[in-house]
Amino acid sequence: MRLLAWYDHNKRSLPWRVDQATSRDPWRTWVSEVMLQQTLIPVVIPAFNRFIAKFPDVFALARATEDDLRPVVKGLGYYRRFGMLHRAARIIAEISSDGNPIWPRTQEGWKALPGIGEYTSAAISSIAFDVPVPVIDGNVERVLCRLEDIRQPPNLPELKPVYRELATRMMANPAARARPGDFNQAMMELGQRVCTPSNPDCGQCPLSRQCKARKARTQHLAPAPKIRPHYEDVRLRLIVGIRVQQPGNHQVALFRRDEKQKFLKGTRGFWYGFEDPEGPPLSSSFVGSFKHSITKHKITADVHLMEVPPAKMAGTTCPLATVTKQIPDWIPAGDVENELISSLDSKAWRLILRRHQA
Ligand code: SF4
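Right, let's get into the domain arrangement of the chain. For interface size, the figure often reported is the accessible area lost on association. Looking at the chain, the domain boundaries give domain 1 (1–131), domain 2 (134–170 + 186–228) and domain 3 (232–357). With both sides pooled, the region where domain 1 packs onto domain 2 buries about 1,400 Å², and carbon together with sulfur makes up 62% of that total. When residues of domain 1 are sorted by the area they lose upon contact with domain 2, R2, L3 and W6 head the list and together hold 45% of the total. There are one salt bridge connecting domain 1 and domain 2. A salt bridge links E189 to R17, with the shortest nitrogen-to-oxygen separation between them at 2.5 Å. Where domain 1 packs against domain 2, one counts five residue pairs in polar contact (both at pLDDT 80 or more).

Set out below in structure tokens:
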């Protein structure tokens, strides 16, 4: 198969596929796929190396605490995926014996683990276990649209089954079926490096003979531009609670966010609520606002500083707890920067520091 021959000669050297053994190692494949979900390859490479050095196998992550994990993935965004990876690693460790991980062998088995959906389960099971299931990301969608000269927006929901059928048909080729993980990686890499959104390098493409868009010279029309997602405007109120234990010893309130929260589930940070113009006034001072985006939400965050008197430090008498209905963890002010994992919280903290220093 020309595509696999192209891949064998041109594939990028990446730390999760250094050689034959590492490129099929379930742990390295899993970690890399989780990191690649929302982050570009050049950012993932050093993060992956840092992660594997700290957690060389699934048991190392299963034994780790959240405090061990946080600094290793700081700055990558979408922290929830790593919380899920942590939970899933504990499940694998629990069902495994003698230090030998018992991995799921099917796509459905991987999908049953926390945080693993259609795409990631297909990638891991095909790459590490030769399960013949196609992986379809944005790059593969573009390649398939051009092969079939589909001139519609590639993210139309009704195209999903079309992509699946086309990719499954390609994977039915005996050479692809013998190497489903390589076939999937070849398709993705072809989309990244050859069949690029503008100016595809058709002269170098191993699929050029079967490409309908190339024949019709319609590469620029297939696919049509994507349908832009509708962004929702949201206004948040962030409260940074601070108390002075002794002069010079400030502590800051951080809250653990659960799965019911709309944003930043599973992270620890400042309390936030949705702005309610009708709500009661806060006994806090307004520090400033900043803009931030999370998935399809454009957020305006208003940051308030609430000083908690030492006499009202704990329990429901704390004015902060009255608003938040939660008891926070009080962190020394000097440690806050390291504790924050989301960029929303980091932006709020930097705003507080700037105003404080001004
Ligand atoms: S021939 Fe050109 S347009 Fe067709 S798949 Fe290859 S790179 Fe893309």
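This brings us to the site of the ligand. The full set of residues close to the ligand is R146, C195, P200, C202, C205, S208, C211, R214 and Q219. At a threshold of 2 Å from the grid points, most atoms of the ligand map onto the largest cavity. Here the shell around the ligand is composed, by residue class, of five nonpolar, two polar and two charged.

On inspection of all chains with the given rule, the structure shows three cavities of 30 Å³ or more. Reported here for the largest cavity is a volume of approximately 110 Å³. Lining the largest cavity are 15 residues, and of these R146, C195, C202, C205 and C211 lie nearest its centre. Of the residues forming the lining of the largest cavity, the biggest block, three residues, is contributed by helix α9 (residues 138–147).

Residues I91, I95 and I102 make up a contiguous nonpolar surface patch of roughly 250 Å² in combined accessible area. Looking at the secondary structure, you find I95 in helix α6 (residues 80–95).

We now examine helix α16 (residues 343–357). Across its 15 residues, α16 extends 21 Å between first and last C-alpha, which sits within 8% of the 21 Å expected from 1.5 Å per residue. Inspection of α16 places L344, D345, S346, A348, W349, L351 and I352 among the buried residues, and these make up the whole buried set. On the buried face of α16, the contacting elements are β1 (232–246), β2 (249–256), β3 (268–269), β5 (285–294), β6 (297–308) and α15 (336–339).

Of all the ten residues making up α9, nine are buried; the element is thus mostly covered by neighbouring parts of the structure. Looking only at α9, the buried set comprises N139, V140, E141, R142, V143, L144, C145, R146 and L147. Buried residues belonging to α9 abut α10 (160–171), α12 (180–193) and α13 (212–216). Capping of α9 at its N-terminal end is provided by D137; its side-chain oxygen lies 3.1 Å from the backbone amide nitrogen of N139. Backbone geometry just after α9 places D149 at a positive phi near 55°.

Scoring rules and cut-offs
Residues numbered from 1 in each chain as written. Predicted model: local features only at pLDDT ≥ 70, side-chain atom pairs only at ≥ 80, totals over all residues. Heavy atoms only, no water. Domains from an automatic or database assignment. Buried area = accessible area lost by both parts, 1.4 Å probe. Salt bridge = Lys/Arg side-chain N within 4 Å of Asp/Glu carboxyl O. Polar contact = N/O pair within 3.5 Å; in protein donor to acceptor, adjacent residues only side chain to side chain. Near = heavy atom within 4 Å. 1 Å grid on protein atoms, 1.4 Å probe; cavity = no way out; pocket = protein on both sides within 12 Å on 5 of 7 lines; lining within 4 Å. Sits in = over half its atoms within 2 Å of the grid points. Nonpolar A, V, L, I, M, F, W, Y, C, P; charged D, E, K, R; others polar. Points joined across faces, edges and corners; volume = space filled by probe spheres on them. Helix = DSSP H or I, 4+ residues; strand = E, 2+ residues; numbered from the N terminus. Patch = residues over 30% accessible without salt bridge, like charges linked within 9 Å, V, L, I, M, F, W, Y side chains within 5 Å. Areas by Shrake-Rupley, 256 points an atom, 1.4 Å probe, with all protein chains shown as cover. Expected span 1.5 Å × (residues − 1). Buried < 20%, exposed > 50% of the residue type's maximum accessible area, 1.4 Å probe, protein only. Contact = heavy atoms within 4.5 Å.

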